[in-house]
Amino acid sequence: MDTHLLRRPALRRTVATLATVTALIAAAPAGAEQSDSVMLNFDAVATTGDGHGGQALGTFTMADTLGDAGTMRIAYRLFGRRIRATATLIGAKGILTIGVRASMAPVVDDHQSAVGRWRTCGGTGPYRHLVAYGDWTAVLDVLAAPTGSVPRALHGVYLGRIEPSSAVWRGGSFSPREVRC
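Residues numbered from 1 in each chain as written. Predicted model: local features only at pLDDT ≥ 70, side-chain atom pairs only at ≥ 80, totals over all residues. Heavy atoms only, no water.

Considering the packing of aromatic side chains
This structure, assessed with the given rule, holds 4 aromatic pairs. Ring plane angle 10° and centroid distance 6.4 Å describe the contact between Phe42 and Trp136, whose orientation is recorded as stacked. Here Phe42, found in strand β1 (residues 36-50), pairs with Trp136, found in strand β7 (residues 131-141); they are 94 residues apart in sequence, far enough to count as distant. Across the pair, Trp136 and Phe42 agree in class, each one buried. Considering the side-chain rings of Phe42 and Tyr158, the 5.3 Å spacing of their centres and the 45° angle between planes classify their relative orientation as tilted. Here Tyr158 lies in strand β8 (residues 153-163) and Phe42 lies in strand β1, a separation of 116 residues in the sequence. With respect to class, Phe42 is no different from Tyr158; both count as buried. Chaining the aromatic ring pairs together yields one cluster made of Phe42, Trp118, Trp136 and Tyr158. (Phe/Tyr/Trp six-rings, centres within 6.5 Å; stacked < 30°, edge-to-face > 60°. Helix = DSSP H or I, 4+ residues; strand = E, 2+ residues; numbered from the N terminus. Buried < 20%, exposed > 50% of the residue type's maximum accessible area, 1.4 Å probe, protein only.)

Note that every value here comes from positions in space, so none of it alone points to a role or purpose.
Here is the structure:
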C-alpha cells in the first residue's frame, strides 16, 4: 500500500470509519437474536383456473420452530412463465398468509417445476407478527391435466428463515419488496 496516501487526513478518517463499520457488522450477529429456519411442505390440487390463474386447495406441514399442520388455499396468477401467488395456511395454531413470486421451467416428462421467493404477509395467533422469507420450489404434475388447462397436482416446499420479531430486514440478495402480498 502506498503510505503517502494514508497521510491525508480525509483518507485516514475514511479508513477508520470503514474499519469501525466492519467491526460493528462482524460483532452484530454475536449479540443479536439469531434467526431460525423453517421448512413447510405442501400438496395441493387445482380446483379452478385457466391459463391465466386459478386456485388450488391442499394440505401443509411445517417442521422446525413452528411445527404446525393443516389446510391451505393457493390463489395464483400466471404471467407467461412467471407466477404471483398468495397461500393461506390454516393450521392448528393459527392462520398464516404467504406471498410468492416464481418462474416456471418448461415441461419435462409430464412435470413442470417452479422456483422463486416467498415472504410472510400476516397471520393470526403466533403468526401475527411473524417475519419469515426464503426460497420456494414446486413440481406440477401436468400429465393429469388436459392440454391447455391448469395442472392438477402440485407438490412443493417453502424453505427459509424466521427472523426474531425485533429484527429488521437485513441486506443481501433478498429484499421483501421482491414479493408482494
